[in-house]
Each structure stands twice: as C-alpha cells, then as structure tokens.
Amino acid sequence: VLGGSKPPFEELYREFLQRIYAYIRAQLGNQAEAEDVTSVVFIKAYEAYARYEPRAGTPGAWLFQIARNACLDHHRSTGRRERLVRTLGVQPEALADPGAMAEERLQYRELLEQVSRLPDRQREIIALRHLGLGFQEVAGVVGGSEDAVKMAYHRALRVLRSALEAGEREAPEPR
Amino acid sequence: MSDFYEDPELERQLESAFRSTRPRRGFEDELWRSLQRRRALREKVGSWLGGVPWIPALATVSAVAVVLVGFVFFLANAGSGGAGSAASRSAANQSQARAGAAGATRTGPAADSTALDVGPKAFGPLPPVPTTVTTAYTGGLELSLSAQLPALPPSLPVYRYTEPTGGDITSFAGNRGAPQLAPAPQGGTAAGSSFAGSGIDVTVLGSDAKNLVGPTYIVNWTRASGNQASTGALSDGQAAQIAAAYLTQLNLPASENPTVRNSGAAGAQVLYPSQINAGSGPVPAVDAQGHPIYTQVSMRGDGQVFQASGPVPVLVRRSLYAAASAATLQQLPNAATGAPRVRADLTSARLVYVAVPASGGGYLEPAILLTGSFQAEGRTYEVAVMVSALDASASR
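Since we're looking at a predicted model, the values are computed, not measured. (Residues numbered from 1 in each chain as written. Chains lettered and ligands numbered in written order. Predicted model: local features only at pLDDT ≥ 70, side-chain atom pairs only at ≥ 80, totals over all residues. Heavy atoms only, no water.)

Enquirer: Tell me what's going on with the overall build of chain A, and back it up with residues and numbers.
Expert: Assigned secondary structure in chain A consists of eight helices and zero strands. Secondary structure elements of chain A, listed N to C terminal, follow the sequence α-α-α-α-α-α-α-α. The proportion of buried residues among the 175 residues of chain A is 53%. About 8400 Å² of surface is accessible on chain A, with carbon and sulfur atoms providing 50% of the total. (Helix = DSSP H or I, 4+ residues; strand = E, 2+ residues; numbered from the N terminus. Buried < 20%, exposed > 50% of the residue type's maximum accessible area, 1.4 Å probe, protein only. Areas by Shrake-Rupley, 256 points an atom, 1.4 Å probe, with all protein chains shown as cover.)

Enquirer: Explain the packing of helix α6 (residues 120–129) of chain A against helix α7 (residues 135–142) of chain A to me, using residue names and the numbers behind them.
Expert: Residues and elements named next belong to chain A. Interaxial distance between α6 and α7 falls to 10 Å at its minimum, and their mutual angle equals 140°. By the criterion of interaxial angle, the relationship of α6 to α7 is oblique. Two packed elements cross with a definite hand, and for α6 against α7 that hand is right-handed. Taken together, the residues of α7 that come into contact with α6 (itself represented by R121, E124, I125, L128 and R129) are F135, V138, V141 and V142. Residues belonging to the contact of α6 with α7 are distributed by class as follows: six nonpolar, no polar and three charged. (Axes fitted to C-alpha atoms, helices over the stretch in contact; angles between N-to-C directions. Parallel < 35°, antiparallel > 145°, perpendicular 65-115°, else oblique. Left-handed = near helix turned anticlockwise from the far one by under 90°. Contact = heavy atoms within 4.5 Å. Nonpolar A, V, L, I, M, F, W, Y, C, P; charged D, E, K, R; others polar.)

Enquirer: Please give an account of the nonpolar core that cites residues and values.
Expert: Ranked by size, the top nonpolar core spans 65 residues in total, and within it B:M299 and B:I368 carry the most contacts. Per-element accounting of this core gives the leading share, eight residues, to strand β15 (residues 341–358) of chain B. Grouped together as the second largest cluster of nonpolar side chains are 61 residues, A:A22, A:Y52, A:A70 and A:C71 included. (Core = buried A, V, L, I, M, F, W, Y, C linked by side-chain atoms within 4.5 Å.)

Enquirer: How would you summarise the pattern of salt bridges if you had to cite specific residues and measurements?
Expert: According to the stated counting rule, one finds 15 salt bridges over all chains in the structure shown. In this structure, A:E113 and A:R117 form a salt bridge, with 2.9 Å as the shortest nitrogen-oxygen distance. By relative accessible area, which is 37% here, A:E113 ends up partly exposed. Between B:D302 and B:R300 there is a salt bridge, with the nearest N and O atoms lying 2.8 Å from each other. By relative accessible area, which is 16% here, B:D302 ends up buried. (Salt bridge = Lys/Arg side-chain N within 4 Å of Asp/Glu carboxyl O.)

Enquirer: Residue-level account of the side chain of A:Q18, with values.
Expert: One can find A:Q18 in helix α1 (residues 9–28). Judged by its relative accessible area of 14%, A:Q18 is buried. Engagement of the side chain of A:Q18 in a polar contact is seen with the backbone oxygen of B:T21, the distance being 2.9 Å. Setting aside its immediate chain neighbours within four residues, A:Q18 contacts B:F18, B:R19, B:S20, B:T21 and B:R22. (Polar contact = N/O pair within 3.5 Å; in protein donor to acceptor, adjacent residues only side chain to side chain.)

Enquirer: Account for unusual backbone geometry, with residues named and values stated.
Expert: Residue and element names in this part refer to chain B. Located in the positive-phi region is L212, a residue other than glycine, with phi close to 55°. Secondary-structure assignment places L212 in the loop between β6 (200–205) and β7 (216–221). Even without being glycine, N251 reaches a positive phi, approximately 55°. Along the polypeptide, N251 turns up in the loop between α5 (236–249) and β8 (259–262).

Enquirer: Now, about the packing of aromatic side chains: what can you tell me, with residues and values included?
Expert: Under the counting rule described, the total for this entry stands at 14 aromatic pairs over all chains. Where A:Y23 meets A:F64, the ring centres are 5.7 Å apart and the plane angle is 85°; that geometry is what we call edge-to-face. Placement of A:Y23 in helix α1 and of A:F64 in helix α3 (residues 59–88) is noted, with a sequence separation of 41 residues between them. Both rings, one in A:Y46 and one in B:W32, keep their centres 6.1 Å apart while their planes meet at 65°; by these two values the pair is edge-to-face. (Phe/Tyr/Trp six-rings, centres within 6.5 Å; stacked < 30°, edge-to-face > 60°.)

Enquirer: Report on helix α5 (residues 109–116) of chain A, specifying residues and quantitative values.
Expert: Note on helix geometry: an α-helix contains 3.6 residues per turn, so any two residues three or four positions apart are oriented the same way. Where α5(A) is concerned, the buried positions are A:L111, A:L112, A:Q114 and A:V115. Looking straight down α5(A), one finds that the buried residues subtend no more than 155° of arc, so they occupy a single side. (Arc of directions from axis to C-beta.)

Enquirer: Talk me through the pairing of strand β9 (residues 268–273) of chain B; I want residue IDs and the actual numbers.
Expert: All names here are of chain B. In this sheet, β9 lies alongside β8 in antiparallel orientation, the contact comprising four bridges. Of the residues in β9, the one forming a bridge with V260 is V270. Counted between consecutive antiparallel strands, the loop separating β8 from β9 contains five residues, among which G264 sits at a positive phi close to 70°. Looking at chain direction, β9 and strand β12 (residues 294–299) are connected through six bridges and run antiparallel. From the neighbouring strand, Q269 faces β12, where its bridge partner is S298. (Pairing = 2+ DSSP bridges.)

Geometric descriptors of this kind do not, in isolation, establish any biological role.
Okay, structure coming up:
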C-alpha cells in the first residue's frame, strides 16, 4: 500500500497481529506482558490510523515502530515492576493454555531463548528481519544506516550460532 | 560487505521460530472485539457530547470478558480467559510488624494517600480526626504458624486491570461535577490529578506500588449541601443512609453491609469493605500491611458529608491460576531477620486479595494473610504476613 490508499484497519490487524506479537514476545519474553503490550500497540495504531500516511512508510514498518516504542515504554516502566517482583516473588504464566502449551512445545524454544539473550539492538534487528521487514525498513525502525543494521544482523547470527553450538556441547550425551 | 556471516540454515530456523510464535488461541478475536467496543463507545459518547473530543473512560487495553466494576471491589461477573499475573509471594519480605494497642484505628487507603493535598476542605468545623501512633518493630523475628489455613479451591482468579489514563481521570472527575482544573497527563498514567467543581473537589491517585493499593479517588465537599440530617446525635442508620445517598448521587460503587464508626455529635465514618470475587465468593481486599481497603464516607455530626474516598472503578480481565497447596503454604512464613529473635505465632489465616501495581496497570492477586501478635520490649506488636495463594507451578 506504499503510496496508495489505506486498507481497512482490520486488514492490517489480521495481517500483522501475529508478527507484532512475536516481535514483542521476543523483546519481553513473557506471554502475558506480550499480550498486554500487543494490545496497547493496536489500540494506539487504531486511534492513529486516520493520521497514518502510507507515503511515509509501509504499514508493517509503521506498526513495528509503534511496537518498538511500546516495548521501550514498557521497559522504562518496569523498574518499579521488577523491584516489586523481587520483593514479592516471581510472575506466573497462565495455566495450561493450549496456545501457550503449543508454544512451549516449539522445537525452536532453545533458539528463541538464545535470541532473548542477545543485546537489545541485535535482538530487535533479528526479530524485525525475520518478521518480514527489509534491512532498510529495519534501519528505519531501530535507527542507523542500512549497512550498520546488516552488520549487526550478521554479527547476531554468528553469536546465535556459537551459542547454539555451545549449548549442544554442554547437553548430556544420550544414553 | 563480504565479511558478513552467512548461515542460511540458522536463518531458516529463525524464520520458522518467529512465524510459530503466536499469542494464545482466541487472543486475536478478543482484541479485535475490544477495539470495536472501544470505537462504539467513543462514537456513542461522542454523540452524547455533541462531537466533543472524548477519550473513553476506563477502557482496558485488552479484554477477554470485560466488566466495569469497582477496583478492589466485588468483581462479580468478570469472564475467564487470557492471563498474566504478578504473584504476591511475599512471605518473610512482606512481614509487617506494627505496634500499638489491639484494635488501634486503621486508616483506609485514601487517608494514607497524602502525596497531594487531598485533605478535607472545611466548610465549617470538622470533627476531630483520630490519630494512631505506631511504632515499627525492628528486631529479629521468628515466625511460627498455628493458624488453620483456609481450604483453597484448585484454582483462583487473578484480575488484571489497566491504570486509568489522564483522559479517564478527567472523565471520572467531570462526571462527578468537578471539571478539569489542571491539564491531565497526556496519554500516560496519571500519578495524581485534582479537579474542582462547584462545591466539590475530586482527586484521583494512581496505583501505589509501595502500599499495594490500586487507583484511588478522594472527593471533598467544599461547602455544605444544605442536607442537614440531624440536629441531634447522628445514629448509625442515619449515617449509613446519608453515605449511601451520596455514593448513589456520585454513581460510585459500594459493597453491602457497611460498618459505621460513629463518634456521635463529632461525626461518623461509614466504611464499605472492598471485596473481590474469589470464585467461591467475596473475599476482602487489603493493602500491603493487610489493612482492609474501604470505600469510606466521612460526615460531621449534623450529617454533612465532607469527604468520600475509595477505589476507582476500573475494567478488569480475569484469569485462573493453580492455587497453592496447604503444604506449600505451611513452609512459607519465616521472617527471622536478626538477633535477638522473638517468636511470633501467626494465629489467624484468611484468603484476601491484594493489588500488585505493574506497568500500565496491575493485578489483583489472591494471598493468604497471616496475622498474630507478640510481646517485645514491653509492648504488644501485631504482625501480618502475606503469602501468595498461587501455586509455584504457576510461576515462571
């Protein structure tokens, strides 16, 4: 829709909900908080959609920019939250939820866990790149040049590969 | 750049991993319905107000089954669904030792919230405010548990709420006759905002993470209403009737069966305990120290109400979590913090709910409130310990 007319918001919503959630989930690492922040993202997008100008960028880049800001807001506000959790205990996940259980069963669980350990910028770039954004769009969302983003992306790949191999070496031998 | 690390297999796995990361089933439609409701509400109210820009009051960010209820109030019809919570596994960390005579006056959440000038605005002599001097016990404490623990159901609800935005608060105050006095915070959560109207002030305080209290309102009447109920001593029944009438007039929720603290000619306070639906029935809401949370109406001896305070009604979502087993709860309390140790026996245990403010909102969580008393340094201290009523298996 770049440069063209705007599709109905529901179209955008249906197309991007999973990807926005996956991005946020990778940034927050917690299902419940990821749902909350995803909700915030789409409420903001819904209210701002009348002002969204397709010429300024793809809907995906626009939504991911809102998602990134929402994650940053969330991180800023969780200082208090983390102190509270330290004081009061840990945060429970939902009870056996079919979706959550399916997610737990993912064969990619370890990979995503390694992604979550990447430095913030690398983690963002990896997630955005693999959620459908081109390097130029990723650069537009996280800031910096396209080349710098590519560099960070490939560096993150190398880190991930090393971490996965290290994990395999540490895994116990099957009997 | 030729030195880019290439790893097509890893990239393929990443692609699949992100593609398979999905929200729980039903979330997509729930959120969409919530967005639709939000639009419908906005349009409806916009038409009432003749197109005046309006931010929907007290909307939740995502709703499974959303009901408008009093925050830390009886959550009667919240639906089940999606989840997330912050367990108040407080055990020793939450132990609170307070000094003073048994039955010492406990102040409600509004009275504790003094960051803003929210005190009564006098329209004549106000009744004397009872004061309680408390002394914290700072010595070592060893807890033992002799209380009979309440039988918990297999699962307990946790309620997630969204902090009212500046627009919500403006709307809340405006609907109670206090138009906005100072600009409300844009977009974000308001820590505290005051509004004034004709003979009335409304202040809304945001969630208090230290005291584990959710958003709270304080209404001050700045001039007499002319509704003098009594020229003699105010009876409990009269006080309760007056309080109920004021809350109804302001469209503020209150539970049944209030208690009245009547000082006779000096005035009265009518207290409506906040309650949460634990699934099997209502249980009291408390703050970090285990004090009950009330909607409270204060009046002078002639029946003139000068202040009302209580939890701000907010939207909530409900999720079920596994309850802690009795064996788990038995292990928890032990707050030995140093020498000399004093033994405190926790003789009472009951299920309560406590607000756990979090980013942009918070959670109402079930907890077991254990209370007892002990003697030290010639004084009697009360001790309250809260432990999560949720099972550790529900924790991350």
